Amino acid sequence: MEFAELIKIAKVENVQLSCPGLLPVKGTLCITSHHLLLSSQPGGNGEQGMVELWLLLRNIDAVEKRVASSSGSITLKCKDLKVLQLEIPGMEECLNISRSIEALSSVESVMMMYPFFYRPQSMKLKDGWQLYPLQHYYQQIATETTAWRLSCVNGEFTVCPSYPAAVIVPTAVDDNTLKKAARFHQGGRFPILSYYHKKNGTVLLRSSQPLIGPNRKRCPEDEQLLSAALNRGERGFIIDTRSAQAAKQARMMGGGTESKSSYPCWRRLHGPLERGRPLQESFIKLVEACNDTSLSMDRWLSKLESSKWLAHLKGALSTACLAAQCMEREEACVLVHGAEGTDTTLLVTALAQVILDPECRTLTGFQGLLEREWIKAGHPFHFRCARSAYSHARLKQEAPIFLLFLDCVWQLGRQFPFSLEFNEHLLLVLFEHTYASSYGTFLCNSEKERCLCEVKEKTHSLWSWLNQPSQQKKHLNPLYTYNALVIWPSVEPQSLQLWQDPLTLDIRPRFKQWGL
Amino acid sequence: MEHIRMPKVENVRLIDRISSRKAVLGTLYLTATHVIFVENVSETRKETWVLHSQISSIEKQATTATGCPLLIRCKNFQIIQLIIPQERDCHDVYISLIRLARPVKYEELYCFSFNPKLDKEEREQGWKLVGLKEEYNRMGVPNNYWQISDVNRDYQVCDSYPAEVYVPKSATAHVIVGSSKFRSRRRFPALSYYCKDNNASICRSSQPLSGFSARCLEDEQMLQAIRKANPGSNFIYVVDTRPKLNAMANRAAGKGYENEDNYSNIKFQFIGIENIHVMRSSLQKMLEVCELRSPSMSDFLWGLENSGWLKHIKAIMDAGIFIAKAVAEEGVSVLVHCSDGWDRTAQVCSVASLLLDPFYRTMKGFMVLIEKDWVSFGHKFNHRYGNLDGDPKEISPVIDQFIECVWQLMEQFPCAFEFNERFLIHIQHHIYSCQFGNFLCNSQKERRELKIQERTYSLWAHLWKNRADYMNPLYREDHSQTQGTLRPQTAPCNFLYKFWNGMYNRFEKGMHPRQSVTDYLMAVKEETQQLEEELEVLEERLAELKKVQLNNRKQNSKQQDRNKHIELSTSNNSIANTPQDYSSNVKSFPSRSPSQGDEEDSALILTQDNLKSSDPDLSATSDQESGVEDLSCRSPSGGGCLPSEDSGKDSDEAVFLTV
């Protein structure tokens, strides 16, 4: 495929751009393989001066066009929730522009995406990709205990395609046992260490659901693996992110949840969290409510309520707190899983770490956490963030689970304004880059796919950009003071607020990201 | 004292509302002015003090095996739940409090016994802190268009108005008196705010007694005089803050609103703010939502919407914005009224003034604003806030709504106000506390008769003395957004109006951010100031040393050099040390209580202190600091912190975390 074939028209003059927060800008519109450019006519723009808009076509979620006889207007709804309007002279030009945008923004192939073409002069390829290797994380644990080892059983991604090559497992369990345990878990996601709580030596594990099925299958290797995670006489908690009923029902489909008789040292708790389609629909409703400027105060609250977004937020924080509480207060190990173990599971384990571990609240620690618990852990970013809240396309696997995580972190930052080293601006940048980015960090669904696409060799890492001193400065919280304590948030509805930044249509806060 | 049947009850338990399993044992005391609960735990002996005048309701609940529960709801939104072991004791406490919370004479109120140990002169100075004459002078009146009128000198024309009113120069006493006869409660149009820059003004009154067709020449002349006092404009707005339907209903009672045809050059405008009864029940509904124990997100949002509270706040704000716009942008004068012109009119005039004039956004200016639009113009504090036992239908959170409007504006314009949220919360507290004389009675006339200024103290002096606690560290009077008229966003309204957790759940400390940015920034600001002073001193010393050095250069220049070097390095050290100092400041900020070490404000201090000590979340050293949200308490297994073992039988039953 050649991009040139998709570009029906490369340049149109006298196009007017308007968006909330910005005076209308008139200028030249260009379409390139990956960008929509609009540069204003010199001097014709009053106080605003020269304006140049660089919009990644990948960022465009929906294109709505209205044509009249001699002109047309195109509304671009972006995945980062901004809305732009273009007035284009000439009907044909308008149609061609919209066709080009539609075609270019829906290119599916990962290798054709912008990160593979982006070559900033100031950066070197490969920088940043080795910033947070799991080996480093393991070494920290190894200084505290010998009970855990680094296993390369998944070196070829054959045992579990969505796990990274190296994982941390109990020393007492050999690779063969792991392989067998993996076969007993959906997608091969056998229980592995997610977080080691230095304070009391408890661990947070995660996996996918065990394949118990309607016949109540057992797997001695899996039972062995889980009991090896506990010291003699210790008890652990399994937090299932589904309701008890849903977990039970999953047996009919070959899944299920650990039974008390097979895993006598583990007690099960349920913290049901929504994911997948209901979560995406919640997101869509939330954005609809926020964009409806005609709402009265009353209708706004009921629309906010019916979106359920804040309820999901409360649920996620509550379950993460429960996991943290089991470790910190009950001094017990915790295993978290839902069904696939790639969505709500990661939400809970990552969030619990931010609550428990001051290291995860630093700028680099947080990046490391995202790398370990989301990217390497196999959260399918490519599927989940293919489309955002405006898309008219049929929903496939989209769900804003990572956005929900960022929102939860934002809530923590609001309740503990001195305890996070980074600010909400960083969270906003992360949100935008999961949906469309010049960097390869959030490409693909797993380490295996990233290897196949040679992402680490052919794209730049978001971290090396974010860690440039000029960027870092923007993302630091000036009030930060190291807080060694656990930060227990309040999850009362009164204490949770809507995170407005990603939702406001006003374009001004995004000027810099968009090169405006 | 004769009303106290039971001065002391032992073995009373105080329940923590967030998690009902936590209760502390202590002793309950009833005094002439306070209910006091003292915890038994010997090291802390934590005390909770509640002023009788803060009590809004007392509820005796069904006796259980553990005792007799008593629920005290306060006007400052504190809720205290006690369990008293003996039912008879509980009944006695209940009966005593019912009487104590509803005094029948002004003399029973706390301000008449409250003694901050200030001498007469200090007290008088306190009352002089806020003066309305100075305020009108500041606005630029009297001038060519406006004059002070003594027509109401002995409250003869209107007993709920101040003795001194500002009216258009062209309005004669005859016109004023004539107009007053055509207005509810004789509240004739008088000046509330005057804009020097363009002569536009905000005047206020009550509704005209127009019925279906009545007219009054003097009233028409009065409005014309107001228009003429603003030569730049050929009409005035008449803003009726009531919903149109209410205003029309009033016509049947011989009241109503101005007929545009009868008055020359007026533009009439309705702005639908609901009446005090709707507002009272709206607050009631919202407080019920706040009281829910672990509500779901839906319960909360539905409840909030159902209460309509934020909608009402928005209506008041919209009215203020309309008037501010008319005055600032169109240069048109506005006459505002509702029915009697002492509730909605006060709200709307003060919101508009606050938007228009940066002075009202300073601490002093805000005191003046309340004094002007609320106290002097006869807002019925006694009736609205139930200071004395009276008709419960008169009670309504009118000024609470105004205070919330200010908070909502502070959220939108964080740099525009000199004061912080705590200032608003403390003013609200004292409107109900009756600890100071400012808000007693229903009118200036009653206050003069009671000789309030001679017998009680002024809140403003007290707040002013502690102003360091009420500063907004982000305040920037030179900021472009905060200069001149504030222009709040009006649409979309989606995110604009928020639930004020800091007020309505003020005492549920666990729900608030665990670290206070305001206190932190204030500490940093103080620290910076200290360092700057230190720097100045050091620079002076350096200059001196240089001089000495110059003089002695020939003799022992080497030694001086060394001295200088030492001097410099020590000063550098002290700078390098500051980050640690900041953090120790941060850690100690809970002790920077608003009225710490201030004996006068005993009620407030004690509650504040209590909050602090009751709140392990703020005591920086323990692991409790960050506060644990007790999640497991919701598991049906009850009992222990986490589900206890079930009796060996397998299962697929598990414990649910309901969210």
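Keep in mind that this is a model prediction, so the values were computed, not measured.

Things to note about the sheet that holds strand β7 (residues 79-84) of chain B
Residues and elements named next belong to chain B.
Link 1 in the chain: The strand order across the open sheet formed by seven strands is β4-β3-β2-β1-β7-β6-β5, and the pairing between neighbours is antiparallel. The sheet is open, and its two edges are formed by β4 (47-51) and β5 (55-60), each paired on a single side. Taking the axes of each pair of neighbouring strands and ignoring which way they run, one obtains an average angle of 30 degrees across the sheet.
Link 2 in the chain: Pairing of strand β6 (residues 68-74) with β7 involves six bridges; the strand directions are antiparallel. When the sheet's bridge partners are listed, cysteine 68 is paired in β7 with isoleucine 84.

Let's talk about a negative patch on the surface
Link 1 in the chain: Taken together, the side chains of Glu532, Glu533, Glu536, Glu539, Glu540 and Glu544 of chain B make up a negatively charged region of the molecular surface.
Link 2 in the chain: Examined against the element boundaries, glutamate 544 of chain B turns out to sit in helix α19 (residues 517-576).

What to know about the sheet that holds strand β12 (residues 236-240) of chain B
Where strands meet in a sheet, backbone hydrogen bonds hold them as pairs that are either parallel or antiparallel.
Residues and elements named next belong to chain B.
Link 1 in the chain: Across the sheet, five strands lie side by side as β10-β11-β14-β12-β13; this open sheet has mixed pairing. Two strands in the sheet have a free side with no partner beyond their single neighbour: β10 (190-194) and β13 (266-270). The sheet shows a mean angle of 25 degrees between the axes of neighbouring strands, direction not considered.
Link 2 in the chain: Where β12 and strand β14 (residues 333-337) come together, five bridges link them in parallel fashion. Residue pairing across strands places valine 238 opposite leucine 335, the latter belonging to β14.

Some words on helix α11 (residues 363-376) of chain B
Residues and elements named next belong to chain B.
Link 1 in the chain: For α11, built from 14 residues, the straight-helix expectation of 20 Å at 1.5 Å per residue is met to within 8% by its first-to-last C-alpha distance of 19 Å.
Link 2 in the chain: For α11, the buried fraction is high: 13 of the 14 residues fall into the buried class.
Link 3 in the chain: In the stretch just after α11, glycine 378 is the one whose phi turns positive, near 70 degrees.

What to know about helix α5 (residues 217-228) of chain B
Link 1 in the chain: The terminal C-alpha atoms of α5 of chain B lie 16 Å apart, and with 12 residues this matches the ideal 16 Å at 1.5 Å per residue to within 8%.
Link 2 in the chain: Burial in α5 of chain B covers these residues: Glu218, Asp219, Glu220, Met222, Leu223, Ala225, Ile226 and Arg227 of chain B.

Topic: the UniProt feature "binding site: substrate" (unreviewed entry) in chain B
Residues and elements named next belong to chain B.
Link 1 in the chain: Under the feature "binding site: substrate" (unreviewed entry), the UniProt entry names Asn275, Ile276, Cys338, Ser339, Asp340, Gly341, Trp342, Asp343 and Arg344. These annotated residues cover 70 residues of sequence, and their C-alpha atoms lie no more than 12.2 Å from one another, placing them together at a single site.
Link 2 in the chain: Along the polypeptide, serine 339 turns up in the loop between β14 and α10 (344-356).
Link 3 in the chain: By relative accessible area, which is 17% here, serine 339 ends up buried.
Link 4 in the chain: Contacts of serine 339, omitting those with residues within four sequence positions, involve Ser184, Ser206, Gln207, Arg242, Asn250 and Arg344.
Link 5 in the chain: Tracing the backbone through its elements, the reader meets tryptophan 342 in the loop between β14 and α10.
Link 6 in the chain: On the basis of relative accessibility, which here comes to 6%, the residue tryptophan 342 falls in the buried class.
Link 7 in the chain: Leaving out residues up to four positions away in the same chain, tryptophan 342 has contacts with Ser160, Arg185, Arg187, Arg204, Gly378, His379, Lys380 and Arg384.

Some remarks on the side chain of histidine 312 of chain A
Residues and elements named next belong to chain A.
Link 1 in the chain: Relative to the helices and strands, histidine 312 is located in helix α9 (residues 309-328).
Link 2 in the chain: By relative accessible area, which is 15% here, histidine 312 ends up buried.
Link 3 in the chain: Aside from chain neighbours lying at most four places away, what touches histidine 312 is Glu274, Pro278, Leu279, Ser282 and Leu404.

Calculation notes
Residues numbered from 1 in each chain as written. Chains lettered and ligands numbered in written order. Predicted model: local features only at pLDDT ≥ 70, side-chain atom pairs only at ≥ 80, totals over all residues. Heavy atoms only, no water. Pairing = 2+ DSSP bridges. Helix = DSSP H or I, 4+ residues; strand = E, 2+ residues; numbered from the N terminus. Axes fitted to C-alpha atoms, helices over the stretch in contact; angles between N-to-C directions. Patch = residues over 30% accessible without salt bridge, like charges linked within 9 Å, V, L, I, M, F, W, Y side chains within 5 Å. Areas by Shrake-Rupley, 256 points an atom, 1.4 Å probe, with all protein chains shown as cover. Salt bridge = Lys/Arg side-chain N within 4 Å of Asp/Glu carboxyl O. Lys, Arg positive; Asp, Glu negative; His and termini not counted. Charge placed at Lys NZ, Arg CZ, Asp CG, Glu CD. Expected span 1.5 Å × (residues − 1). Buried < 20%, exposed > 50% of the residue type's maximum accessible area, 1.4 Å probe, protein only. UniProt positions renumbered as here; feature names shortened; annotations may be inferred. Contact = heavy atoms within 4.5 Å.

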